[in-house]
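Descriptive analysis of the structure
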Amino acid sequence: MRSPVVAIVFAAAVGYGFFNTPGHSNKPIAIPEAAPGASPTAPRPVKENVVAYYTGDKAMQNAKAKGHSTLPRFHALMAAGTPGTYTVKFPLTQNGATEHIWLQLVGYSGGHFVGLLADKPVNGNQYKMGDRMTVAEVDVEDWMIRNGGDVYGGYTVRQALADMAKEKAAKYGITFKD
């Protein structure tokens, strides 16, 4: 029996703002294969900008839990008018498969985030990049505010970067602010 996996969209991990910010390329970034001899549950590339994690991956589960538990910090930063692109990550299911994808925000009301899908989903064609969606706060797994290379939040991105070779992770030029 195969181990279940969760697809994590990494390249869009920081929403449209990551690739449409001056100094950042819009071309997809290949995620390196797991090291030889790595566990079969190690993160692995699915396609150009998607990394699959085993659903039981403790580090990624902890990152998602931290992202959700720190949503009050995200609200405080939004209320303070922190400059940058605001995104939230949520599970998107289609064709019986779930991926975790970023939504670039355009609003928030009544416990729901409203925004545009920040990448092309990989599990079907029911949704497309740029589709307007509403996501309940209870379903949010992570959040991020990105202003150039400075990032608040992004706990699942931090974990994905930690799982990459250091020289590859350094190419993203991200400084986490908190």
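A few points on the structure. (Residues numbered from 1 in each chain as written. Predicted model: local features only at pLDDT ≥ 70, side-chain atom pairs only at ≥ 80, totals over all residues. Heavy atoms only, no water.)

**Concerning the overall build of the protein**
- Along the backbone of the protein there are 5 helices and 10 strands.
- Expressed as a percentage of its 178 residues, the buried residues of the protein come to 46%.
- Long-range contacts, defined here as pairs at least 24 residues apart, represent 58% of the contacts in the protein between residues at least 6 apart.
- For the protein, the accessible surface area stands at approximately 8900 Å², while carbon and sulfur atoms represent 53% of it. (Helix = DSSP H or I, 4+ residues; strand = E, 2+ residues; numbered from the N terminus. Buried < 20%, exposed > 50% of the residue type's maximum accessible area, 1.4 Å probe, protein only. Contact = heavy atoms within 4.5 Å. Areas by Shrake-Rupley, 256 points an atom, 1.4 Å probe, with all protein chains shown as cover.)

**Describing the packing of helix α2 (residues 58–69) against helix α4 (residues 155–162)**
- At a closest axis distance of 7 Å, the pairing of α2 and α4 adopts a crossing angle of 155°. One finds that α2 runs roughly antiparallel with respect to α4. Helix-helix and strand crossings are classified by hand; for α2 and α4 the assignment is right-handed. Here A59, M60, A63, K64, K66 and G67 of α2 come into contact with α4, specifically with Y155, T156, Q159 and A160.
- Counted by class, the contact of α2 with α4 contains 5 nonpolar, 3 polar and 2 charged residues. (Axes fitted to C-alpha atoms, helices over the stretch in contact; angles between N-to-C directions. Parallel < 35°, antiparallel > 145°, perpendicular 65-115°, else oblique. Left-handed = near helix turned anticlockwise from the far one by under 90°. Nonpolar A, V, L, I, M, F, W, Y, C, P; charged D, E, K, R; others polar.)

**A few points about unusual backbone geometry**
- Of note in this structure, N95 is not a glycine but carries a positive phi near 55°.
- Relative to the helices and strands, N95 resides in the loop between β4 (85–94) and β5 (97–109).

**Focus on the pairing of strand β8 (residues 142–147)**
- The buried fraction of β8 is high, at 5 of 6 residues.
- Taken together, the 5 bridges between β4 and β8 define a ladder with antiparallel strand orientation. Counterpart to T85 in the pairing with β8 is R146.
- In the sheet, β8 pairs with strand β9 (residues 150–153) via 4 bridges, with the strands oriented antiparallel. Along β9, the bridge assignment pairs N147 with D150.
- Counting the residues that bridge the hairpin from β8 to β9 gives 2 residues, and of these G148 lies at a positive phi of roughly 65°. (Pairing = 2+ DSSP bridges.)

**Some details on the pattern of salt bridges**
- Applying the stated rule across the entire model yields 4 salt bridges.
- When the shortest N-O distance is used, the salt bridge between K128 and D131 registers 3.1 Å.
- The closest approach of N and O atoms between R158 and D178, which form a salt bridge, is 3.6 Å. Of this pair, R158 sits in helix α4 while D178 is found in the segment after β10 (175–176), placing the two residues 20 residues apart along the sequence.
- Given a relative accessible area of 23%, R158 falls into the partly exposed group.
- In this structure D178 comes out as partly exposed when scored by relative accessible area, which is 32%. (Salt bridge = Lys/Arg side-chain N within 4 Å of Asp/Glu carboxyl O.)

**Considerations on helix α3 (residues 71–79)**
- Taken together, the buried positions of α3 are occupied by L71, F74 and L77. In a view along the axis of α3, the buried residues occupy a sector of 115°, so they form one face of it. Facing away from the buried side of α3 by over 90 degrees, the exposed positions are P72 and A79.
- Looking at the packing, one finds that the buried side of α3 touches α2, β4, β5, β6 (112–117), β8 and β9.
- One or two positions beyond α3, positive phi appears at G81, with a value near 75°. (Arc of directions from axis to C-beta.)

**Describing α2**
- In a regular helix each residue adds 1.5 Å, so 12 residues correspond to 16 Å; α2 covers 16 Å between its end C-alpha atoms and thus fits that length.
- Buried within α2 we find M60, A63, K64 and G67. For α2, the buried positions fall inside an angular range of 95° around the axis, keeping them on one side. Every exposed residue of α2 that faces more than 90 degrees away from the buried side is listed here: K58, N62 and S69.
- For α2, the N-terminal cap is D57; the gap from its side-chain oxygen to the backbone nitrogen of A59 is 3.2 Å. (Expected span 1.5 Å × (residues − 1). Polar contact = N/O pair within 3.5 Å; in protein donor to acceptor, adjacent residues only side chain to side chain.)

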